[in-house]
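Below, each chain spelled out in residue letters.
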Amino acid sequence: MRHSIRLASQQISLLESLNLDIEQCCRGTGISIDDVMGHSDNIEADSLRHFYRNLVREYGDIFLGVLLGDNFSITYTGYLGLALMSAPTYYHARNIVVDLPQILGGDLNCSLQITKTEFAVKICGTRSGENDLFDFMSNVCLAASHKIFRELCDCDVLVKHVYFMHGDEDKENIYREHFNCDVSFNAPSNKIVFPKKYLHMPLPRADINVFKLMELQCASSDRRLSKPREFRYQVEAVLSSVECDSWNVEYVSRQLNVSPRTLKRKLESENTRFSEIINKARETSAKKYLLSSDCKVEFIAQRLGYSSAASFGYAFKRWVGFSPSEFRRLNVESLV
C-alpha cells in the first residue's frame, strides 16, 4: 500500500520540533527528506514502517507513537477523509474507521465494539517478535482515533478509558494528561472507550450524498487492498492518489515500475483496459466535483482532461443517464 506524502512530511515536521535526528530515522528507508518536504507523490508502507522502526530503536520511547497519532489528520487520507467528514454520524462511518491502521502504515487491524453504554475502537494484531512495532503502532492508532473523533465532532470529546497491552507505567501521568482520562497498562487489548451518546450524534459537516459517493470509493480501495495480486487495483490505487493531469499510461507505469507495454498487457490478462479504468476514475471524480463543489461544468471538464464541456457532458450522460447539470440539480433538490 502507498501513503500520502503529506502524512510523512507532517510527522517529520513534528519530530523535528522535538529536536530528534530525522536523518538517523530515515537511514535505510529509501525516504529522502528532500523528497518528503518537496511533496513528491507517495511513500511505500514498508518505508514508513522502517522509518518508525528506526525511530523506536534510536529513542526507545513508544510514547512518541501517541504524539505522532495526535498529529494525524483526516485531511491526509483522501477519499477516506472525505467520507468521514461527510458522514451523518460516527456510526455511519464505522466501516471506514476500521481502515485506520493501514492508512497509518501499521500492520494491525481495527474493530468497533458497542455495548449498552459505550463504544470502543479496538486495535488488534499479533504481538510477537516479528511485529516489533506492535506497541508503538498501537499507541499511534489509539491517539489517531482520538484525534479523528475530535476533528469529526469539531469539539473536544470525552474519553472514558484507554487500555494498553504494553507496560509504560512510568509515564502513566503523561498518558492520563494526554487523553484526559484513566489509563490501564498490561491490559488484554488495546482500545479507547467513548460514551455511547457520541455514536449517533449528528456530525457538523454531514452530507449524505457526498458520504455515499465517498463510501463507494473507500469500498473500492478495500477491494484493492484485499486483492493485491490483481494488477488493475494497483493501477486504480495510483490514480486515486494523484491529480487528474497525471492520469496517463506513462506516469502510472513509472509509479508501478513497469513499461507502458507491460502495463497494458497485464490489464489485458485481467480482461480490462487502461482506458476503461480511466473512464471509471473520471466518473467517480466528476460526481465528487458535482456533489461537493460549485465548480462550473466547463472547469470540471478541463480538470478531467476533456477537450470541451460538450464532450464531458456526453460521456457523463452515458455513465449515469443525466447531464452533469441535471445530476447536480437533482441531488441538490434531494437535500432540501
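Residues numbered from 1 in each chain as written. Predicted model: local features only at pLDDT ≥ 70, side-chain atom pairs only at ≥ 80, totals over all residues. Heavy atoms only, no water.

- The name given to the protein in an unreviewed UniProt entry is Putative HTH-type transcriptional regulator, with Zhongshania aliphaticivorans as the source organism.

### Things to note about the overall build of the protein
Here's step 1: Helix and strand counts for the protein come out as 18 helices and seven strands.
Here's step 2: A total accessible area of about 16600 Å² is found for the protein, and carbon and sulfur atoms account for 47% of it. (Helix = DSSP H or I, 4+ residues; strand = E, 2+ residues; numbered from the N terminus. Areas by Shrake-Rupley, 256 points an atom, 1.4 Å probe, with all protein chains shown as cover.)

### Some thoughts on the environment of H161
Here's step 1: Of note, H161 is situated in strand β5 (residues 161–163).
Here's step 2: Judged by relative accessible area, which is 17%, H161 ranks as buried.
Here's step 3: Along the primary structure H161 and I192 are separated by 31 residues, whereas in three dimensions their C-alpha atoms are 6.1 Å apart.
Here's step 4: Not counting chain neighbours up to four residues away, the residues in contact with H161 comprise C181, D182, V183, S184, K191, I192 and V193.
Here's step 5: At 2.7 Å, the side chain of H161 forms a polar contact with the side chain of S184. (Buried < 20%, exposed > 50% of the residue type's maximum accessible area, 1.4 Å probe, protein only. Contact = heavy atoms within 4.5 Å. Polar contact = N/O pair within 3.5 Å; in protein donor to acceptor, adjacent residues only side chain to side chain.)

### Considerations on the packing of helix α12 (residues 231–240) against helix α14 (residues 260–269)
Here's step 1: Running from N to C, α12 and α14 cross one another at 125°; their axes reach a closest spacing of 8 Å. As judged from the angle between their axes, α12 and α14 are oblique. On α14, the residues touching F231, R232 and V235 of α12 are L263, K266 and L267.
Here's step 2: Class assignment for the residues of the contact of α12 with α14 results in four nonpolar, no polar and two charged. (Axes fitted to C-alpha atoms, helices over the stretch in contact; angles between N-to-C directions. Parallel < 35°, antiparallel > 145°, perpendicular 65-115°, else oblique. Nonpolar A, V, L, I, M, F, W, Y, C, P; charged D, E, K, R; others polar.)

### Section: the packing of helix α9 (residues 134–153) against helix α10 (residues 172–179)
Here's step 1: Two numbers describe how α9 lies on α10: the axes approach to 11 Å, and their chain directions differ by 25°. Judged on the interaxial angle alone, α10 and α9 are roughly parallel. In this structure, α9 uses N139, L142, A143 and H146 to contact α10, whose residues at the interface are Y175, H178 and F179.
Here's step 2: Looking at the contact of α9 with α10 residue by residue, the classes come out as four nonpolar, three polar and no charged.

### Looking at unusual backbone geometry
Here's step 1: Unusually for a residue other than glycine, N19 sits at a positive phi of about 65°.
Here's step 2: Residue position: N19 is located in the loop between α1 (5–17) and α2 (22–26).
Here's step 3: Within the chain, N257 stands out as a residue other than glycine whose phi angle is a positive 60°.
Here's step 4: Summarising the element assignment, N257 is placed in the loop between α13 (249–255) and α14.

### So, the sheet that holds strand β3 (residues 109–114)
Here's step 1: One open sheet holds the five strands; their spatial order is β3-β4-β7-β5-β6, and the pairing between them is mixed. In this open sheet, the two strands that pair with only one neighbour each are β3 and β6 (182–184). Here the average twist between neighbouring strands, direction ignored, is 15°.
Here's step 2: Looking at chain direction, strand β4 (residues 118–124) and strand β7 (residues 190–195) are connected through six bridges and run antiparallel. Across the sheet, E118 pairs through a bridge with P195, a residue of β7.
Here's step 3: Set on the sheet, α9 makes contact with β4, β5 and β7; between it and β7 the angle comes to about 15°.
Here's step 4: Running at roughly 130° to β6, α10 makes contact with β5, β6 and β7 of the sheet. (Pairing = 2+ DSSP bridges.)

### Some details on empty space enclosed by the protein
Here's step 1: The full count for this structure, using the stated rule, is two cavities of 30 Å³ or more.
Here's step 2: Taken as a whole, the largest cavity holds about 80 Å³ of empty space.
Here's step 3: Taken together, L80, L84, Y90, I96, V97, D99, L100, S145, I148 and F149 make up the full set of residues lining the largest cavity.
Here's step 4: Residue assignment for the lining of the largest cavity shows that the elements contributing at least two residues are α6 (79–86), α7 (94–97) and α9.
Here's step 5: Partitioned by chemical class, the residues of the lining of the largest cavity number eight nonpolar, one polar and one charged. (1 Å grid on protein atoms, 1.4 Å probe; cavity = no way out; pocket = protein on both sides within 12 Å on 5 of 7 lines; lining within 4 Å. Points joined across faces, edges and corners; volume = space filled by probe spheres on them.)

### Here we look at the pairing of β3
The two faces of a sheet get side chains in turn, since along a regular strand they alternate between them.
Here's step 1: As judged from the six bridges shared by β3 and β4, these two strands associate in the antiparallel manner. Along β4, the bridge assignment pairs Q113 with A120.
Here's step 2: The hairpin formed by β3 and β4 contains three residues between the paired strands.

### Topic: the pattern of salt bridges
Here's step 1: Following the criterion strictly, the structure yields 10 salt bridges and no others.
Here's step 2: For D70, the salt bridge goes to R150, with nearest N and O atoms at 3.0 Å. With D70 in helix α5 (residues 64–70) and R150 in helix α9, this pair connects stretches of sequence that are 80 residues apart.
Here's step 3: A salt bridge links R176 to E172, with the nearest nitrogen and oxygen atoms 2.9 Å apart. (Salt bridge = Lys/Arg side-chain N within 4 Å of Asp/Glu carboxyl O.)

### Points about the packing of aromatic side chains
Any aromatic ring pair is given by two values, namely how distant the centres are and how the planes are angled relative to each other.
Here's step 1: Tallied over the entire structure, the rule returns 17 aromatic pairs.
Here's step 2: Plain terms: the ring middles of Y90 and F119 are 5.4 Å apart, the flat faces sit at 40° to each other, and that makes the pair tilted. Of the two residues, Y90 is situated in the loop between α6 and α7 and F119 in strand β4; the sequence distance between them amounts to 29 residues.
Here's step 3: Look at Y90 and you get buried, because its relative accessible area is 2%.
Here's step 4: By relative accessible area, F119 is classed as buried at 0%.
Here's step 5: Ring-pair connections join several aromatic residues into one group, and the members of that group are F63, F164, Y175, F179 and F185.
Here's step 6: A cation over a ring is seen here: K197 above Y198, with NZ or CZ 5.4 Å from the ring centre. (Phe/Tyr/Trp six-rings, centres within 6.5 Å; stacked < 30°, edge-to-face > 60°. Lys NZ or Arg CZ within 6 Å of the ring centre and 35° of its normal.)

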